[in-house]
Amino acid sequence: MEEAAKKSWKEKLNFAKARFKEGWGKFKALVLVQLKDKIDFSWTKTRKTRIQKTVFAILKFLVIALAVFGILNIVKLLFMIREEILSYYLVFLGIFVVLNLITVTLGLVKSLYYAEDNKVLVTYPVSSGKLFLSKILVYQIFEFKKALDLLVPVTVGFIVTGFFFGIVPIYTIIWSLIPLMLISVVTVLLGALLSIPGLFIFKTFQRLPILELILIVLLVGAAVYGLIYVITLIPINKGDIDIIRQWPIIRSNINSFILEFSKYIYPITFAFRAMVGETGATYSGYKLMPYTFGRFGIILAIAVVLLVIVFLIIKPFFFNMMTKTFEFEKKNITAEKHNKPKQKYVAFVGKELKLVFRDFGISASYLSVYLLTPILLLFIDRIFMAMDRSSTGDLIVFAINVLLIVLPLLASSTVISTIYSREGRAAYLKKTKPVKPYFPLISKLLFNLVLCIPSIIGCGVVFSQFAQVSTFDIVALCIAVIGFQYGHIFYSAALDLMNPQNELYATEGDSISNPNERKSTIFALVFSAAIAFISYVFFKESINQTKTYDIAFIKLMIIGIIFMVIMFILLILKIKAFYIDRQEASRE
Amino acid sequence: MKKSTILLVLVVYIISFFIVGLLGISIKSNYEMNYVNEILVTPMEEQIGLVEVSHERVELTQNVDEEYRRFENSYTYSIDYQKGLVVKLRVKVVPDNSTYTKFDLVTEPSDYISYEIKDETLVYITFNKRRAANFTLESTDGNKTPTNVSVLAL
C-alpha cells in the first residue's frame, strides 16, 4: 500500500517534471522565435564577424565610459567637486528612468497589443499566459540591450570616477550594475502595468484624434511659454552672469536643486542608494552596508510583486485585447468616393504629407524641435549676452551658436534613418509603382526638407540679434545650415535604404533599437561638433585677416552646399543600386 | 527623438554654457569676492511696541582671519497682538561691501502669518492670529550665513 502511494507520488512528480519541461521548451521556443525575428544574429555565423562585433561593442562601451570619466575629471578640476559627483549621477539616473518609463509604456502598448507578429503568435499552441510572459521577456531583453548602449557605460563611467576620487570602493563598480539591471526590470514591469491606461489613451486618441492634437498643442505651448518666461528672467546687463565669481552661489543652487530633486524622485534615490551604498557621519563617500543589500532586497521584492500583479491584472484580458486590435477593430469604409485622378507626382507628395500628419507623434516631434530650436538658442544667447565676454569668448559663442543650431536639427532628422523601414511590409509596394523610384522615395523626405527652413531662418534671426553681423552673413549661415541639414537627411535616408529594418518594424513597431538610427545619431553628434570646431577656426582666421566674419560664413556656406550635393548624389546612386540595378539583375 | 539623444543635446547645452563661462570671459584684475560675515536685524524706527527679548551671537568659523569670520545671530522679539498687526524689521548685511547683499527668508508656511521682503533691506511680517513667527534669513553668496528671528505676537 505504502509502496503504491510512493510510486504514485513519484509518477506524479515525473509527470509534473515532464510537463514543466514541455512548457519550458515551448516558452523558450516562443521567446527565441520572437528574438530571431527582431535581432540580426548573422554575425554569430563566422569567427571573424563574432570577433569584429565583440571588439566593436567593447570599444563603443569603453569610449562612452572614458568620455564620462574625462568630463567628470575636468569638472572636478574646474569646480573643486569630489563627493557631489555621484549626486550628478542621481540626477542623470532620475531623468533617464522617468523618460524611460514613458517610452517603455508607449513601447509596450504597441508591442503587447499592436505588434504585427501577434497575428502569427496567437496561432501557436501555447497558453495566453506564456505568450504574455514571452512578450514581456523579449521586451526586457531589448531593454537590457538598449541599456548597454548608454545607461550602463555612463554608470560605469561615473562609478569608476567615484572610485578614483576615493568616494566608492572598487567592488561598487561591479555591484552597482546588479541593482541597475533590477531598475530596468522594475521599469518594464511598471510600464506593462501602465500599458493598460496607455492602451485606453491610445484608443481614445485613435477615436478622437483632435484630442491628441489639443494635447500636443498644449504641451508644446506650455514648453514655449515656460521657456519664454525663463528668458525674461535672465539679467540683461553685461557682466551680470559670471560663472567664476558667482560659482559659490551656482554651486549652492545646484546642490539645493539636487537635494530637492532627490526628494521628488524618492524611489529612484532609494534605488541609487542600493547601487552605491550609504553615506555616513564617520566616513566620507559611499559604502556598501547591510542596509544597502536590504534596499536591494526590497527592490527585488517589489519586482516580484509587480510581476505577479502584472500577470494577474493584464493576462486575463491580454489575449482578448491583442486579438481585438487586428480581428475586430477594422474600419469598414462603405462610403463610395469618387476617384479623382491626380498628377502622379502630386499624388505621392500628397500621400506622404497625409501620412506624416496622420501620425501626430512624428509630426509633433518634428514640429516641436523646429519650434524649440530657435527659442532655446534665444535662451542661451541671452545668457551669453549677460556675460562680459573677451574677443575669444565672442568667437566661442559664434561657434557654439552654430553647434546649437545644427545639433538639434540634425538630431531630429535621425528619425529619417527609419522612414522607409517604418512602412513595414508595405514598403515593398514602392517597387510596384509605375514610376522611377526616385520620386516616391525622395517625396518621403519632403516634410522635413520644407519645414526645417522656417526654423533655420528663425535661428538666423536670433543669431543676428546677438552677433551684430551683416545680413549677407546671416543668409550665408542659413544656407550653410540648410546644406548640413539636407545633407544629413539624405545620409540618414541612404542608411535606411542600404540596411532596411522593415521586418523589425513590421513585427515590433517603433520600440526597437535600430542600428541605422544609432549610426545617424552618432554622425549627427560628431558632425555638429566638427562643424562647430571648423567654424571657430574660420571665424578666428576671418576676423584676424579681414576684420569681418564674411569669409568665414562664405566658407561655411560652401561646405554646407558641397556636403548636401555629395549626400544627394550618394542617395541617388543608392536608390539606383537598390531599386533599379538590383531588380534588373534579378529579372535577368 | 530618442531619449538618449535628448539627454545628449541637453548635456551639450549645459556644457556650452560652462565653456563660454570659463573660457570666454574677459579677465579682470580685481576679482575679489566679499562674503557676508553676518546679518543684523533691527526694528524699523516707526515700529512701536516691539521689544527685543534676547539676542545671541555665535561664531560659525574657527581660526580664520578677521575678514573671513562669520556669525550666526539669533533674535527674539515680542509684541502685543492686534488684528492686522504688521511687524517691520530692518535687515543689514555686514560688511557693507559684500558682493551679494541680498538675503533669502526661510520659514515654514503658515495660514496666519505672511512674510514680505521689501527693497532688499526690509522684512514685513503680517499676523492674522496670535502666533510666533519663526524664520531664518540666509545670505545668498553660497555660504548661507544664517540669522534666526522669532517674533512673538501674543
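Going by the structure above, here's the rest.
Here the structure is a predicted model, which is why all the values come from computation and not from measurement.

Participant: So what's going on with the interface of chain B and chain A? Which residues, and what values?
Facilitator: Taken residue by residue, the interface counts 33 residues in chain B and 45 residues in chain A. Carbon and sulfur atoms supply 74% of the area that chain B and chain A bury against each other, a total of about 3600 Å² over both sides. For the pair chain B and chain A, the number of links is zero salt bridges. Our enumeration of links across chain B and chain A arrives at two residue pairs in polar contact (both at pLDDT 80 or more).

Participant: Quick one: what's the story with the packing of aromatic side chains, residue by residue and with numbers?
Facilitator: Under the criterion given, the structure shown has 31 aromatic pairs over all chains. Ring plane angle 55 degrees and centroid distance 6.3 Å describe the contact between Phe348(A) and Phe439(A), whose orientation is recorded as tilted. You can see Phe348(A) sitting in helix H13 (residues 344–358) and its partner Phe439(A) sitting in helix H16 (residues 438–443), a full 91 residues away along the chain. Given a relative accessible area of 10%, Phe348(A) falls into the buried group. The partly exposed category is assigned to Phe439(A), whose relative accessible area is 30%. Feature note: the residues Tyr89(A), Phe92(A), Phe96(A), Phe158(A), Phe272(A) and Tyr286(A) constitute an aromatic cluster, connected by ring pairs. The ring of Phe270(A) is capped by Arg295(A), whose NZ or CZ atom sits 4.9 Å from the centre of that ring. Looking at Arg57(B), its charged tip hangs above the ring of Phe71(B), at a distance of 3.7 Å from the centre.

Participant: Give me the sheet that holds strand S8 (residues 131–139) of chain B: which residues, what numbers.
Facilitator: Residues and elements named next belong to chain B. Spatial ordering of the open sheet is given by S2-S3-S9-S8-S5, a layout of five strands whose pairing is mixed. Each end of this open sheet is capped by a strand with a single partner; those strands are strand S2 (51–59) and strand S5 (103–106). Ignoring strand direction, the axes of neighbouring strands in this sheet form an average angle of 15 degrees. For S5 and S8, the ladder comprises four bridges, and the chain directions are antiparallel. The partner of Leu105 across the bridge, within S8, is Leu137.

Participant: An account of the pairing of strand S4 (residues 85–94) of chain B is needed here, citing residue identities and associated values.
Facilitator: Taken residue by residue, a regular strand's side chains alternate between the two faces of the sheet. All names here are of chain B. On S4, burial follows the alternation: Leu85, Val87, Leu89, Val91 and Val93 on one face are buried, whereas Val86, Lys88, Arg90, Lys92 and Val94 on the facing-out side are not. Two strands pair when backbone bridges link them, and strand S1 (residues 38–43) and S4 are joined in this way by six bridges, in the antiparallel orientation. Note on S4: the bridge partner recorded for Thr42 is Arg90.

Participant: Mind laying out the side chain of Ser535(A), listing which residues take part and the relevant values?
Facilitator: Residues and elements named next belong to chain A. With respect to the element layout, Ser535 can be found in helix H20 (residues 515–546). Taking relative accessible area as the criterion, Ser535 reaches 0% and is therefore assigned buried. When neighbours within four sequence positions are excluded, Ser535 is seen to be in contact with Ala399, Val402 and Leu556.

About the criteria used
- Residues numbered from 1 in each chain as written.
- Chains lettered and ligands numbered in written order.
- Predicted model: local features only at pLDDT ≥ 70, side-chain atom pairs only at ≥ 80, totals over all residues.
- Heavy atoms only, no water.
- Contact = heavy atoms within 4.5 Å.
- Buried area = accessible area lost by both parts, 1.4 Å probe.
- Salt bridge = Lys/Arg side-chain N within 4 Å of Asp/Glu carboxyl O.
- Polar contact = N/O pair within 3.5 Å; in protein donor to acceptor, adjacent residues only side chain to side chain.
- Phe/Tyr/Trp six-rings, centres within 6.5 Å; stacked < 30°, edge-to-face > 60°.
- Helix = DSSP H or I, 4+ residues; strand = E, 2+ residues; numbered from the N terminus.
- Buried < 20%, exposed > 50% of the residue type's maximum accessible area, 1.4 Å probe, protein only.
- Lys NZ or Arg CZ within 6 Å of the ring centre and 35° of its normal.
- Pairing = 2+ DSSP bridges.
- Axes fitted to C-alpha atoms, helices over the stretch in contact; angles between N-to-C directions.

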